[in-house]
Amino acid sequence: MRRISMDGASMGARGLWLSLAWLSASTALGCGRREALPASQDPGAERPAQLAPPAQPEEPEEPAAPLQESRVERDGLSIAFALRPLDRGQQGGGSGLGAAPAAAVAGSDVVAEFTITDASTGAPVRGLTPLGWMSRRAGADGAAAARFSGGAPVASLASGAVDAAPDEAACRGKIKSFMAGLLSVRPEVDMNAYLLWTLNQDNTLSAINPQVALARTQLRSVVSLAGRGVSFVMHPDRESLYVTLRGGQGLAVVDTRRGLVRTNVPVGQDPSRVVVAPDGRTVWVGNDGDGTVSVIDARSTDVLKTLPVGPGHHEIAFTGGGRAAWITSQQGESVAVVDGETLEPLGEIAVGEGVVSIAASDEAGVVHAANAARGEVVILDVARRAVAGRVALKPGLGALQFDPRGRFSFALNPAANEVAVLDGATGAVAHTLTGLAAPDAVTFTGSFAYIRNRGAARVSLVDRSALGGPAAPPLVDIAVGQGPPLAAAAPPGPAALATPIAPLPEGNGALVASPADRALYVYVEGMMAPIGTLPSYGREPRSILVEDRSLKEVRPGVYATTVRLGEGGLYDVELLLDRPRTGVCLEATVAPARCAPGDGEADASGCGGDPVKDIAIAPLFEPDLRLAAGEPATLRFRATAGEGGPPLDALDVEDIEVMVVRFPAGYRFRGAPRAEGDGTFSVSFTPPAPGQYRFLAALPGRGAPVGALPFVPLRVSARGAGARVGGAR
């Protein structure tokens, strides 16, 4: 299960349809019938007509040949798992990754792919929301294994041959444990992850892993740029970020997997807005200093064409799925229309000087352009490429954006402290939202529009379902942070370039960047305040993007994501489906890594394997233990060492750190554990108040800082409520 950990806060993902109670009781979870498939049998090949919903176009390129496959049948479904090399497009031009490997190699990035079809008809099963993991099966190297009996983990050591495949109960126990975040069990590969990328006030990007529970740092990497970033955008394949830079440094292309700048592309003067065409083939950069737009091949990063479009700041929108690009020039009189494939001009539409933003709706067949000085929105007819009307508003317009359905456009006016909502079909003002404080950015989820108030420490929510009614929907204000965004230093370039709010991958909330507080706030819809905070590590986050690495339906019935493999060995591949409620276990083999040319096959410790593979910590108290507020409790756990590690009795209390935190934020307890012999330790603490807590243990000297090992949840009830205290077994 995906989690966001925020100074003690954690939020489960996809929890509406997955619950631990169901997992414990479900008889659908199991391993099913399993058989190996030769690599020549491609489960991603063409299938009969799919089950509902209706068809979508296939990907233009065939998937790479699988490195290996396995299959199970369960509850009328045929489920095939394959590991595939990253294709050349995903590896990216100039990345230097070379040809596709012949096997799944430890430490490499590969595509993990599930193909789910109807077992009797072969029809692809569409619209699922799967969760997936890979866990290394213990083998002849003597690595510590985790055996499961009725879902309860028991620490043990493997010896001799590779362990047998998990039976139905063990498969169910592994899935349950991965979802529960048990301290003693964690997968080597999590297919449900995502990262947060922030564009900071200085010349850096930050990659933050919100799923590292209470680690000393959730900061995965900091990417240093050649100049200060102005705006950024992520490619749909999630492999590249494009960042426009000040100081004549052009466009930075950032490899998201490796966390480094792949190349800097020379473009025009003072690049600002950067967008990716809907088909992902080209990247468009507005050069405010010389009146041009650079069009770049997303794969090779070559500049395909430089388009003269007029002076001033440029904004870019696409219609027809990218067949036409509409480009504004703030100091020019016209909107330029360019063929998205040939890059040839299609015409210019006179709109008047002063256009600062533009938005397009294929559903309504219109483009809206906001003129700040005149205080009007110009409506452009896409088919005729002509002005269809002008809507008089107030001077000072800024950002302009259509909602995801293309029905309504939001015209933000920071100067007038209001937002005009325009009906895309009629061009009329449907609603005027007042009482805002310099609104300068808007983002949408399935249910709400999120409007940032640059002049106040709050975000205003608008119920999208009420936009079609006669009355203006009320604003729901959510306090976010301590200081308003304008309290931070002014960002480079137009304020409308900022994207300070990003929807959560689950679609039920948002992440809000607060440059004044130097923090990221996490809000879930239905709450009256953010549920937690992520630090930005001393930097001022200006914009935020979410790199969702979870399983997605890439073709009918095919669910895939890119993963980084762990050390070599035999793996169990756990999959949990929501419809029907089914859990299965497949398997995969990962070859040992080759550390360097000529070195041959490297051992597990020589190629960057799991840094804590020799350590296993098992709690000796029940998961989800209930304690009583104000009453002392003793928590016991056992530390074991695998091959190459110290004997069980060689671990000293100084080697171990223990933390108990209250969820989502607040109380933190750090205690020195006591040694009880035979690798068993205990720690005593008194919970101060009822609530949810988390127990974390760490061995920093062995490469396992706080947060590297999963937590164990604790529940604290009011005194006298009958909670069980202690937990020794």
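Residues numbered from 1 in each chain as written. Predicted model: local features only at pLDDT ≥ 70, side-chain atom pairs only at ≥ 80, totals over all residues. Heavy atoms only, no water.

1. Looking at the environment of Gln218
So, step 1. The residue Gln218 is located in the loop between strand 12 (204–208) and strand 13 (219–224) in this model.
So, step 2. A residue is classified by how much of its surface remains accessible, and Gln218, at 5% relative accessible area, is buried.
So, step 3. With 319 residues separating them along the chain, Gln218 and Tyr537 place their C-alpha atoms 9.3 Å apart. (Helix = DSSP H or I, 4+ residues; strand = E, 2+ residues; numbered from the N terminus. Buried < 20%, exposed > 50% of the residue type's maximum accessible area, 1.4 Å probe, protein only.)

2. A short note on the nonpolar core
Grouped burial of nonpolar side chains is what soluble globular proteins tend to show.
So, step 1. Grouped together as the largest cluster of nonpolar side chains are 29 residues, with contacts concentrated most on Ile79, Phe81, Phe114, Ile116, Met134 and Met191.
So, step 2. Among the secondary structure elements, those contributing two or more residues to this core are strand 5 (77–85), strand 6 (109–118), strand 44 (558–564), strand 45 (569–578) and strand 46 (581–590).
So, step 3. Beyond its immediate chain neighbours, meaning those up to four positions away, Met134 contacts Phe81, Pro187, Glu188, Val189, Met191, Leu565, Tyr571, Asp572, Val573, Glu574 and Ala588.
So, step 4. Ranked by size, the runner-up nonpolar core spans 24 residues in total, among them Phe621, Leu625, Val683 and Ala697. (Core = buried A, V, L, I, M, F, W, Y, C linked by side-chain atoms within 4.5 Å. Contact = heavy atoms within 4.5 Å.)

3. What to know about the sheet that holds strand 36 (residues 458–463)
So, step 1. Spatially, 34-35-36-37 is the arrangement adopted by the four strands of the open sheet, whose pairing is antiparallel. A strand with exactly one partner marks an edge of an open sheet, and here the two such strands are strand 34 (439–444) and strand 37 (475–479). The sheet shows a mean angle of 25 degrees between the axes of neighbouring strands, taken without regard to direction.
So, step 2. Bridge analysis of strand 35 (residues 448–453) against strand 36 gives five bridges, and the strand direction is antiparallel. (Pairing = 2+ DSSP bridges. Axes fitted to C-alpha atoms, helices over the stretch in contact; angles between N-to-C directions.)

4. Comments concerning the confidence of the model for the chain
So, step 1. Per-residue confidence for the chain gives a mean pLDDT of 79, with 73% of residues at or over 70.
So, step 2. Note that residues 1–60 has pLDDT below 50 and, in this model, 202 contacts with residues that lie over four places away or in other chains.
So, step 3. When the criterion is pLDDT under 50, residues 140–160 qualifies, and its contacts beyond four places in sequence or with other chains add up to 43 contacts. (pLDDT = per-residue confidence, 0-100.)

5. Side note on the sheet that holds strand 41 (residues 532–535)
So, step 1. Spatial strand order, 38-39-40-41: four strands in an open sheet with antiparallel pairing. Each edge of the sheet is formed by a strand with only one pairing partner; in this case those strands are strand 38 (501–503) and strand 41. Going from strand to strand, the sheet's axes swing by 25 degrees on average, the running direction of each strand aside.
So, step 2. Pairing geometry for strand 40 (residues 519–524) and strand 41, over four bridges, is antiparallel. Residue Leu520 lies in a different strand from strand 41, and its bridge partner there is Leu534.

6. Details of the packing of aromatic side chains
So, step 1. Applying the stated rule across the entire model yields seven aromatic pairs.
So, step 2. Ring centres of Trp284 and Phe318 lie 5.5 Å apart, and the angle between their planes is 80 degrees; this geometry places the pair in the edge-to-face category. Here the residue Trp284 occupies a position in strand 19 (residues 282–287), and Phe318 occupies one in strand 22 (residues 316–319), the gap between them amounting to 34 residues. For the pair Trp284 and Phe318, one class covers both residues: buried.
So, step 3. What links up through ring pairs into an aromatic cluster is the set Phe637, Phe681 and Phe695. (Phe/Tyr/Trp six-rings, centres within 6.5 Å; stacked < 30°, edge-to-face > 60°.)

7. Here we look at the pairing of strand 29 (residues 386–392)
So, step 1. In this sheet, strand 29 lies alongside strand 28 (residues 376–381) in antiparallel orientation, the contact comprising six bridges. Within strand 29, the position partnered with Leu380 by the bridge is Val387.
So, step 2. Between strand 28 and strand 29, which pair antiparallel and follow one another directly, the connecting turn spans four residues, one of which, Arg385, has a positive phi of 50 degrees.

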